[in-house]
Amino acid sequence: MIKADCVFCQKSSIVLENDLAKAFWDNHPVRRGHLLIVPKQHYATYFDVPADTRAAMDALTFDAKALLDEKFQPAGYNIGINVAPAAGQTVMHAHIHLIPRYEGDVKDPRGGIRKMIPHAVQGLSRLKRK
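Residues numbered from 1 in each chain as written. Predicted model: local features only at pLDDT ≥ 70, side-chain atom pairs only at ≥ 80, totals over all residues. Heavy atoms only, no water.

S.K.: I would appreciate a short explanation of the packing of aromatic side chains in the present structure.
M.R.: Describing an aromatic ring pair means giving the distance of the ring centres and the angle of the ring planes. According to the stated counting rule, one finds three aromatic pairs in the structure shown. A ring pair is formed by F8 and F24, whose centres lie 5.3 Å apart and whose planes are at 65°; its orientation type is edge-to-face. Of this pair, F8 sits in helix α1 (residues 7–10) while F24 sits in strand β2 (residues 21–25); the two residues are 16 residues apart in sequence, bridging distant segments of the chain. Judged by relative accessible area, which is 8%, F8 ranks as buried. On the accessibility criterion, F24 (1% relative accessible area) is buried. Here Y46 and F47 contribute two aromatic rings whose centre-to-centre distance is 5.9 Å and whose plane-to-plane angle is 75°, an arrangement assigned as edge-to-face. (Phe/Tyr/Trp six-rings, centres within 6.5 Å; stacked < 30°, edge-to-face > 60°. Helix = DSSP H or I, 4+ residues; strand = E, 2+ residues; numbered from the N terminus. Buried < 20%, exposed > 50% of the residue type's maximum accessible area, 1.4 Å probe, protein only.)

Structure, rendered in structure tokens:
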């Protein structure tokens, strides 16, 4: 099913695709080259996606990495999936974030994506003190 009111279902500026999944640039990229990999059919969260479609999304993630390696030569990647609003999902269409990382894009990359979100690091520090 494709939902008429879903921005990801209607997304037409596709960078890569296969039979069951498509990839496009994130409208609010964390870093240059940030791609979203989504199923072509509408599923609200990653855990709702059938196994064959998840496999297609996974295959497309590798294709996307190859494209980004060629186009931007990043030094690394973050791969993320937010499930439900409590975990930060803002578009209720399952999607994988493929975020290229570059040398020096943060002072100390240990901890992954947390260093790109300053308040997450502060929250982590508070947890360690308890």
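S.K.: I tried to follow unusual backbone geometry on my own but got confused; where do I start?
M.R.: Peptide bonds are mostly trans, and most non-glycine residues show a negative phi. Backbone geometry places Q73, a non-glycine residue, at a positive phi of 50°. Along the chain, Q73 turns up in the loop between α2 (51–72) and β4 (76–80). Assessed through its relative accessible area of 55%, Q73 is described here as exposed. Of note in the backbone geometry, A84 takes a positive phi value of approximately 85° without being a glycine. By the element assignment, A84 lies in the loop between β4 and β5 (96–101). Assessed through its relative accessible area of 26%, A84 is described here as partly exposed.

S.K.: Would you mind going over α2 with me for this structure?
M.R.: Note on helix geometry: an α-helix contains 3.6 residues per turn, so any two residues three or four positions apart are oriented the same way. Across its 22 residues, α2 extends 31 Å between first and last C-alpha, which sits within 8% of the 32 Å expected from 1.5 Å per residue. Those residues of α2 lying buried are T53, A56, M57, L60, T61, A64, L68 and F72. All buried residues of α2 project into a common sector of 150° when viewed along the axis, lining one side. Facing away from the buried side of α2 by over 90 degrees, the exposed positions are A51, F62 and E70. For α2, the elements touching its buried residues are β1 (16–17), β2, β3 (35–39), β4 and β5. Downstream of α2 by a residue or two, Q73 has a phi angle that is positive, lying close to 50°. (Expected span 1.5 Å × (residues − 1). Arc of directions from axis to C-beta. Contact = heavy atoms within 4.5 Å.)

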